[in-house]
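So you can see what is in the structure, the chains are spelled out below.
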Amino acid sequence: MVAATGLIAGASILAPLGAYAATDDHGGAARNTGAKTAAIRESIVDGPAKNVILLIGDGMGDSEITVARNYAEGAAGAFAGIDALPLTGQYTTYALNKDGTPNYASESASTASGWSTGTKTNNGALSVDIAGTPQSTLLELAKANGLRTGNVSTAEIQDATPGAQIAHISARGCYGPVKTTANCASEALENGGLGSISEQLLTLRPDVVLGGGSATFNERAVAGDWAGQTLFEQATDRGYQLVNDAAGLASVAAADQSAPVLGLFTPGNFPTRWIGPDATVGGADLAPVSCTANPARLDTGLSLASLTDKAIDLLSADSKQGFFLQVEGASIDKRDHAADACGQIGETIDLDEAVQSALAFAKADGNTLVVVTADHAHTSQIVGSTPPGLSVALTTEEGSPMLVSYGTAEAGESQQHTGSQVRIAGYGPGAANVLGLTDQTDLFFTSSNALALNTDLRSLSAAATLTLDKATVTPGADFTATGAGLAADWRATSEVSTAASVDPLGVADVIDGQAVFTGTAPTAPGRYTVTLTGAQTGVSVSATLTVAAAGVTPAPTVDPSAGAVSGAGPTKTVAAGVASAIGGVLAATGAQVGPLVGAAALLLAAGGVLLAVRRRRNSLLQP
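Not measured: the values here are computed from a predicted model.

Student: Where do I start with the sheet that holds strand β10 (residues 280-281) in this structure?
Tutor: By definition, the strands of a sheet pair up through backbone hydrogen bonds, in either a parallel or an antiparallel sense. If you walk across this open sheet you meet the four strands as β10-β15-β16-β14, and the pairing is antiparallel. Among the strands making up the open sheet, the edge pair consists of β10 and β14 (381-383). Bridge count for strand β15 (residues 390-395) against strand β16 (residues 401-406) is six bridges, and the pairing is antiparallel. Bridged to Thr395 within β16 is Pro401. Helix-sheet contacts for helix α3 (residues 62-73) involve β14, β15 and β16, and the interaxial angle to β14 is about 60 degrees. Packing against the sheet, helix α13 (residues 341-365) makes contact with β15 and β16, and its axis sits at approximately 55 degrees to β15.

The structure is reproduced here in structure tokens:
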């Protein structure tokens with residue numbers, strides 16, 4: 001007791017009681033206002049969710065968030081969107097090398113592929129594994145499960161983050177036919193591949209796509225049904241609603257599979273919100289500056305928050321269908337590469353406003369999972385003195401100087417990504433799965449499980465049927481073949497076969513699970529097998545077409561092909577030969593997407609076409 005008294009007395013001599021703050025006044029920096037147990041417990045909601053909204057800040061590491069928050073909200077401030085999600089964790093972002101070893105410094109294609117497919121891949125590749133096998137994406141799976149889908153970005157819509165949801169290709173730069181022919185030749189349409197990122201987008205047919213990248217759509221297809229036409233012309237022919245400004249977007253009242261929206265508002269990436277001086281050697285020694293509005297910024301109706309609001313409005317219009325939406329704030333990364341602090345800060349604020357829009361919808365809806373994260377970390381750091389590399393001094397919202405350093409490249413070169421784990425935060429059903437330390441690929445499972453997605457694509461088209469409007473026709477008469485129930489297929493091929501020959505009918509878009517072929521019957525009497533095959537799953541259905549003169553029943557001289565029946569009703573099988581050639585479709589996460597586009601191209605080139613496929617939207621939508 002004596003020793004204790006002596007210590008207290010000594011303490012009072014060294015620091016009189018008056019030097020201590022009162023116990024109820026610690027300066028006000030604490031962010032917690034009380035116990036959070038009840039609030040956290042309330043925020044943990046079991047799935048399934050009806051909707052999922054993923055918001056991605058490209059290059060938005062913890063440092064980038066802090067730089068932007070300090071500047072715009074102050075050191076003790078908070079973002080109303082990014083910082084408002086109640087459940088927060090961190091996830092790892094490493095990629096793989098082609099030999100399967102880890103690559104600790106990833107980039108946007110490999111990282112976006114990780115959460116889009118649940119499968120890690122090598123840098124530069126989009127939604128294929130390290131062997132080059134296509135992997136099913138969240139957007140594809142959502143569509144196949146009957147959900148509406150959207151993809152929004154302030155980058156070119158073919159860029160890595162939006163591109164990973166819509167395409168499977170070995171090189172992220174193969175935006176259109178020109179670069180695909182030159183740099184991804186084996187994947188080009190003319191060589192039996194899936195085609196460029198833009199062409200795959202048109203085939204996948206998301207309900208809402210909003211972003212930049214219109215320049216690529218002026219390129220002309222080299223092969224396929226639209227060879228020689230621009231991608232814009234192809235989009236129009238396939239029924240897309242094309243918009244290129246705020247007024248056009250505002251006029252869109254609905255978007256669905258019969259008339260999806262493709263909004264391309266800039267030739268390349270969107271202009272940034274703010275501008276300011278680039279970091280320079282010794283820049284932190286200069287007088288602090290403030291960021292200014294970019295006069296080239298797009299109409300406020302095309303802000304990321306506005307695009308997010310519009311996408312949500314369109315996707316949620318049908319109360320019976322859920323939706324999957326990915327939203328990217330792209331130029332946090334792009335301006336970080338350029339050592340442009342004001343540019344990256346403004347883009348972070350843009351993303352925060354989009355997050356606020358998503359949260360407002362989710363809170364009102366009560367059945368929406370919102371996740372906010374980044375693809376990888378980046379270079380910018382807050383420092384206390386002028387570093388030897390690039391730096392800039394900014395005046396924050398509080399009027400204080402903040403020094404921002406960029407130290408991974410020389411002036412004029414591109415700053416590098418960094419391999420740090422990044423924040424992931426969630427709100428709504430299933431959001432508890434972001435807690436703690438996870439991996440980027442876990443976000444695929446968090447999202448797909450929240451939506452209760454069936455990841456076996458083949459099973460989703462297994463109930464497909466094929467019907468003919470006329471079971472018996474006269475030689476040369478018109479008839480229509482309609483395939484239905486092709487939920488997990490975006491295109492379908494068809495053919496007429498006899499024991500001796502197979503004549504291709506062509507390729508058609510699948511819209512709401514339906515593909516329609518209209519043409520002219522053969523002139524020779526007999527029984528023929530009409531077969532339709534889903535291009536993505538390999539599921540095949542058949543029906544028998546009888547060709548006979550009026551009042552005459554032909555003898556059964558035609559031996560229908562395997563899998564068909566000698567009557568008017570449809571039969572169903574899996575096109576084993578073709579499906580084997582494309583790798584099939586696996587019944588689990590990381591499922592292979594097995595396109596038949598190459599096989600279809602070969603069939604079309606074989607000649608002897610009996611039916612003319614009407615590609616126009618009105619024909620495809622006929623019952």
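Student: It is not clear to me how the state of the cysteines should be interpreted in this structure. Could you clarify?
Tutor: Covalently bonding the sulfur atom of one cysteine to the sulfur atom of another cysteine gives a disulfide. If you walk through the whole model with that rule in mind, you get two disulfides. Cys174 shares a disulfide with Cys184; S-S distance 1.9 Å. Its S-S torsion of approximately 80 degrees makes the covalent link between Cys174 and Cys184 right-handed. Within this pair, whereas Cys174 is found in the loop between α6 (160-166) and α7 (177-183), its partner Cys184 is found in the loop between α7 and α8 (197-204), the two being separated by 10 residues in sequence. Using a relative accessible area of 0% as the deciding quantity, one classes Cys174 as buried. Across the disulfide from Cys291 sits Cys342; the S-S distance is 2.1 Å. Torsion about the S-S bond of the Cys291 and Cys342 cystine: about -85 degrees, corresponding to left-handed handedness. Of the two residues, Cys291 is situated in the loop between β10 and β11 (292-293) and Cys342 in helix α13; the sequence distance between them amounts to 51 residues. Neither residue differs from the other here; Cys291 and Cys342 are each classed as buried.

Student: Would you take a moment to explain helix α4 (residues 108-117) for this structure?
Tutor: An α-helix turns once every 3.6 residues. As a result, residues three or four positions apart point the same way. Burial within α4 is extensive, with 10 of its 10 residues counted as buried. Taken as a whole, α4 has its buried residues at Ser108, Ala109, Ser110, Thr111, Ala112, Ser113, Gly114, Trp115, Ser116 and Thr117. Sitting at the amino-terminal end of α4 is Glu107, which places a side-chain oxygen 3.0 Å from the backbone nitrogen of Ala109.

Student: Would you mind showing me how to read the UniProt feature "binding site: Zn(2+)" (unreviewed entry) in the protein chain here?
Tutor: UniProt's entry tags Asp58, Asp333, His337, Asp375, His376 and His417 with the feature "binding site: Zn(2+)" (unreviewed entry), counted in the numbering of this structure. Spanning 360 residues, the named residues nonetheless gather at one spot, since no C-alpha pair among them exceeds 14.4 Å. Mapped onto the fold, His337 is located in helix α12 (residues 331-337). Within the secondary structure, Asp375 sits in the loop between β13 (368-374) and β14. Classification of Asp375 as buried rests on a relative accessible area of 0%. In this view, Asp375 contacts Ile56, Gly57, Asp58, Gly59, Thr93, Ser108, Thr111, Trp115, Thr161 and Gln440; residues no more than four positions away in its chain are not counted. Among the polar contacts listed, one links the side chain of Asp375 to the side chain of Ser108, at a separation of 2.8 Å.

Student: Would you mind showing me how to read unusual backbone geometry here?
Tutor: What you tend to see is this: most non-glycine residues have negative phi, and most peptide bonds are trans. For the bond running from Gly47 to Pro48, omega is 0 degrees, close enough to zero to count as cis. Within the secondary structure, Pro48 sits in the loop between α2 (37-43) and β1 (51-57). The phi angle at Ala339 is positive, at roughly 55 degrees, despite the residue not being glycine. Even without glycine at this site, Asp512 takes up a positive phi of about 55 degrees. Along the chain, the position of Asp512 falls in the loop between β23 (502-509) and β24 (515-520).

Student: For this particular structure, what's the right way to read the packing of helix α11 (residues 304-315) against α13?
Tutor: A pair of packed helices can be characterised by two numbers: the angle between their axes and the separation between those axes. Contact pair α11 / α13: the axes reach a minimum separation of 7 Å and the direction vectors enclose 25 degrees. The pairing of α11 with α13 is recorded here as roughly parallel in orientation. Considering how the two elements wind past one another, α11 and α13 form a crossing that is right-handed. For the pair α11 and α13, the contacting residues are Leu304, Ala305, Thr308, Asp309 and Ile312 in the first and Asp350, Leu351, Glu353, Ala354, Ser357, Ala358 and Phe361 in the second. Grouping the amino acids of the contact of α11 with α13 by side-chain chemistry returns seven nonpolar, two polar and three charged.

Calculation criteria
Residues numbered from 1 in each chain as written. Predicted model: local features only at pLDDT ≥ 70, side-chain atom pairs only at ≥ 80, totals over all residues. Heavy atoms only, no water. Pairing = 2+ DSSP bridges. Helix = DSSP H or I, 4+ residues; strand = E, 2+ residues; numbered from the N terminus. Contact = heavy atoms within 4.5 Å. Axes fitted to C-alpha atoms, helices over the stretch in contact; angles between N-to-C directions. Disulfide = S-S within 2.5 Å. Buried < 20%, exposed > 50% of the residue type's maximum accessible area, 1.4 Å probe, protein only. Polar contact = N/O pair within 3.5 Å; in protein donor to acceptor, adjacent residues only side chain to side chain. UniProt positions renumbered as here; feature names shortened; annotations may be inferred. Parallel < 35°, antiparallel > 145°, perpendicular 65-115°, else oblique. Left-handed = near helix turned anticlockwise from the far one by under 90°. Nonpolar A, V, L, I, M, F, W, Y, C, P; charged D, E, K, R; others polar.

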